[in-house]
Amino acid sequence: MALRAIVVDGDDILRKKSKEVKKFGERTHTLLDDMWETMRDANGVGLAAPQVGVLRRAVVIDVTDPERDDDDEGATPGGGDSAANAAAASDSANAAANAADAANAATADDAANGGAAAPRADVPDDLPVNAPGGFLYELLNPTIVEADGESLEKEGCLSVPGIVGLVRRPERVTVKAVGRDGGEITVKGEGILAKALSHEIDHLEGVLFTDIAEETEKLGRRASEDEEEYE
Ligand SMILES: [Zn+2]
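Residue numbers restart at each chain and count upward from 1, following the sequence in its written direction. It should be noted that, the model being predicted, local features are given only for residues of pLDDT at least 70 and side-chain atom pairs only at 80 or more, the latter also being counted only at that level, while totals for whole chains, interfaces and linings use all residues.

**A short note on unusual backbone geometry**
The phi dihedral of N130 falls on the positive side, at around 65°, and the residue is not glycine. Only DSSP runs of H or I with at least four residues qualify as helices, and only runs of E with at least two residues qualify as strands; both kinds are numbered from the N terminus onward. On the secondary structure map, N130 appears in the loop between α3 (106–114) and β3 (136–148). A positive phi angle is found at N141, which is not glycine, with a value near 50°. Mapping N141 onto the fold places it in strand β3.

**Thoughts on the sheet that holds strand β4 (residues 151–155)**
In short, DSSP must find at least two bridges between two strands for them to pair. The strand order across the open sheet formed by 3 strands is β4-β5-β8, and the pairing between neighbours is antiparallel. Single-partner strands in this sheet number two, and they are β4 and β8 (215–218). Adjacent strand axes in the sheet meet at a mean angle of 20°, parallel and antiparallel pairs treated alike. Note on geometry: axes are C-alpha line fits, over the in-contact stretch for helices, and angles between N-to-C directions span 0 to 180 degrees.

**Some thoughts on helix α1 (residues 26–41)**
Here the expected length of a helix is defined as 1.5 Å per residue gap, with one fewer gap than residues. Spanning 16 residues, α1 covers 22 Å between terminal C-alpha atoms, matching the ideal 22 Å at 1.5 Å per step. Within α1 the residues assigned to the buried category are L31, L32, D34, M35, E37, T38, M39 and D41. Following α1 by one or two positions, N43 adopts a phi angle in the positive range, close to 60°. Exposure classification rests on a simple neighbour count of other C-beta atoms within 10 Å of a residue's own: a residue reaching 20 or more is buried, one at 12 or fewer is exposed, and one in between is partly exposed. C-beta atoms are placed from the backbone.

**A look at helix α4 (residues 192–204)**
Between its first and last C-alpha atoms α4 spans 19 Å; for 13 residues at 1.5 Å apiece the expected length is 18 Å, and the two agree. Across the 13 residues of α4, 12 count as buried, placing the element largely inside the fold. All of the buried residues along α4 are I192, L193, A194, K195, A196, L197, S198, H199, E200, I201, H203 and L204. Just downstream of α4 lies G206, where phi reads positive at about 80°.

**Let's talk about the sheet that holds strand β2 (residues 58–62)**
The sheet built from 5 strands is open, its strands ordered β1-β2-β3-β6-β7 with antiparallel pairing. A single partner strand is all that each edge strand has here, and the edge strands are β1 (46–48) and β7 (184–190). When strand polarity is set aside, the average angle formed by the axes of neighbouring strands in this sheet is 40°. Taken strand by strand, α1 contacts β1, β2 and β3, and its axis lies near 40° from that of β2. Our contact criterion uses C-beta atoms placed from the backbone: two residues qualify when those atoms are within 7 Å.

Pasting the structure below:
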């Protein structure tokens, strides 16, 4: 496995439509493995292949930590206590540099830019993937086949650091997809899982949450304004 660089808003690749995955061999498996590693390193809830520069319909989702619900994909990128974040990002960048080989040197920058907290060490590795009612999903060619209810909640994105927004999403979705070996999967998601599924599937269409958010807010700027007030 290897960390991959997370593409940020402004790069055209995030605006393109991803292609269907038709081969389920080593190349696809490596992509998924790298996406898991990259998402965890960035403390994310979800990651879609275009976010690592690959226009394929592949997503990974980890909803083990309900604390991150408000931030959806990211750990308040660039937000909150900026000094603590800078320290964490620097740790994370060092870890990334150590973990990655020379070919992946860009990931160190990326971790620093993403302002992500240190990678979570508390995610159990033995949780099942794609289990009904589970927390971890890796989906190829996912499509929402049913959606109902509505929720308006804050979310963020590893590719849009420093911004959160209020986004209206279905409260429940049913998604059909295939797993890494091409077997069909149906996922029923509610709450944070529904939101993550919907957010990641949007990435495959070139849509970012900021396109559909009803309000957005810059985290870094607000944090520094708050700091000035208290100084
Ligand atoms: Zn995203």
